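Examination of the molecular architecture
Single-letter residue listing:
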Amino acid sequence: MSQAHPVPAPLSAAPGQALKGRLRAPGDKSISHRSLIFGLLAIGETRIEGLLEGEDVLRTAQACRALGATVLRDAPGRWRVRGAGIGGLTEPEGILDFGNAGTGSRLMMGVAGSHPLTATFDGDASLRKRPMRRILDPLVQMGATVVSEAEGGRVPLTLKGPSETVPITYETPAASAQIKSAVLLAGLNSPGRTTVIEREATRDHTERMLRHFGAEVSVERHGEHGRRIALLGQPTLRAADVVVPSDPSSAAFPLVAALIVPGSEVTIEGVMMNPLRTGLIATLLEMGADIERLNEREEGGETVADLRVRASRLQGVDVPAARAPSMIDEYPILAAAAAFAEGTTRMRGLHELRVKESDRLAAVAAGLSAAGVPNRIEGDDLVVEGLAGRVPGGGTVATHLDHRIAMAFLVLGLAAREGMAVDDGSMIATSFPTFVPLMRELGAAIRD
Ligand code: S3P
């Protein structure tokens, strides 16, 4: 049985002084999950520096242990994984409980579902609502059996891997790095070539890490925006060192806070600038944001930069659907920025937001309404009528177990006339456990 959700922790944010100072957002969540999973699949000892110690990632660490890895924490952010190796996983004894974590559970379905073992996946009330058929369908094509599943292909579900996994060529039905990654990870334990075709390029951390651990991967363009990724199965992955860069999806919250709280100037250090993750920065620059990219350098195979952000007058913009994959987790915080802009912001093609930790499209629209910001959903688009810095606020937002909804509306509350409250901030610990103290250090009035 999945662990119960912790006691709800209401939080509120009030307008106050300008935000000033420097901070470093925690390690990237996508890379943190993957570094543990690749550690499990490698032979030898993988050393990880800067791991995000959020609840989602800790669940993945636990699952790696259950599948046969030794996972040790030496110091904050510094971890070691002694792998079981591809083909060497053990059958887990209990249920693999992924809590709130879509990424951890889906990637691990690819890993476990390609090994001759039976594993049961579960999670919290949010994860139990999220679609898993998008992962199970390709895994079944590769030979896995879905022994049982909750209605509609959801967790709790039990997956049995085949004695020999079949390599496939698979075109992902949605622009999703999680689907792509689950298939590639399953392809690691199948003889021959597994190919994933995506019509829109999504974050490429799995491909980069495959190479970093010694697998043979080729990446070609596919159509105008897509990619074709081919992996040669059953390589020996060799343990590697991983330095986890700072998460742009977490940095997004202090970044937008600095833009909308008058007089602010904040520097966010070492933010990963992978072009498949920087759609929010591109959009904010189009809106007139004062964001300087300083001190660009390489860290752990990724370009990182310090971002100096100053409070700015923003203009509404039209955000094309093609940009969605590179800013998929940033729409809640972009909506907060759009509320303070002058004029209309239209965000196009947001259908995937309906299947995140919550129905984010509905949750963002309801949150904006609670803050007194005119908005509407038109098909898959969200339209926000910006109030040019004069957002009433004063409402309470239902967060639906969604960390990014909680953080986005706390940030909005820092610049809204009456502030803003969220019904539950406990889920912030899944991705950005230090959010509240770091924001307070900048001068933000966030109260429990
Ligand atoms: C992630 C992919 C995205 C993103 C999620 C992390 C990943 O999900 O929303 O937070 O690490 O692969 P989808 O692949 O479902 O779009």
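By domain assignment, the protein chain separates into domain 1 (11–27 + 245–447) and domain 2 (29–233). Averaged C-alpha coordinates put domain 1 and domain 2 at centres separated by 28 Å. Facing 26 residues of domain 1, the contacting portion of domain 2 comprises 28 residues. Where domain 1 abuts domain 2, roughly 2200 Å² becomes buried across the two surfaces, and 51% of that area is made up of carbon and sulfur atoms. Applying the counting criterion to the domain 1 and domain 2 interface returns four salt bridges.

Evaluated as defined, the whole model comprises 45 salt bridges. Among the ionic pairs, D56 bridges to K29, the shortest N-O distance being 3.7 Å. Within this pair, whereas D56 is found in helix α2 (residues 55–66), its partner K29 is found in helix α1 (residues 29–41), the two being separated by 27 residues in sequence. Measuring nitrogen to oxygen at the nearest pair gives 3.6 Å for the salt bridge that ties R203 to D329. Of this pair, R203 sits in the loop between β11 (193–198) and α6 (205–212) while D329 sits in the loop between β18 (318–319) and α9 (331–340), and the two are 126 residues apart along the sequence. The residues R203 and D329 share a single accessibility class, namely buried. Salt bridges linked by common partners bring R130, R203, D329, E357, R360, D402 and R404 together as one network.

Counted under the stated rule, the structure contains four aromatic pairs. Both rings, one in F253 and one in F435, keep their centres 6.3 Å apart while their planes meet at 80 degrees; by these two values the pair is edge-to-face. With F253 in helix α7 (residues 248–260) and F435 in helix α12 (residues 435–442), this residue pair connects regions lying 182 residues apart in the sequence. Taking the relative accessible area as the measure of exposure, F435 reaches 0% and is therefore buried. Here a set of aromatic residues connected by ring pairs shows up, and it is made of F253, F432 and F435.

Here we take up the sheet that holds strand β6 (residues 96–97). In space, the four strands of this open sheet follow the order β6-β7-β9-β8, with mixed pairing throughout. The sheet is open, and its two edges are formed by β6 and β8 (145–150), each paired on a single side. Pairing analysis gives five bridges linking β8 to strand β9 (residues 154–160), with the strands arranged antiparallel. Looking across to β9, one finds that T145 is bridged to K160. Helix-sheet contacts for helix α4 (residues 133–141) involve β8 and β9, and the interaxial angle to β8 is about 165 degrees.

About the thresholds
- Residues numbered from 1 in each chain as written.
- Predicted model: local features only at pLDDT ≥ 70, side-chain atom pairs only at ≥ 80, totals over all residues.
- Heavy atoms only, no water.
- Domains from an automatic or database assignment.
- Contact = heavy atoms within 4.5 Å.
- Buried area = accessible area lost by both parts, 1.4 Å probe.
- Salt bridge = Lys/Arg side-chain N within 4 Å of Asp/Glu carboxyl O.
- Helix = DSSP H or I, 4+ residues; strand = E, 2+ residues; numbered from the N terminus.
- Buried < 20%, exposed > 50% of the residue type's maximum accessible area, 1.4 Å probe, protein only.
- Phe/Tyr/Trp six-rings, centres within 6.5 Å; stacked < 30°, edge-to-face > 60°.
- Pairing = 2+ DSSP bridges.
- Axes fitted to C-alpha atoms, helices over the stretch in contact; angles between N-to-C directions.

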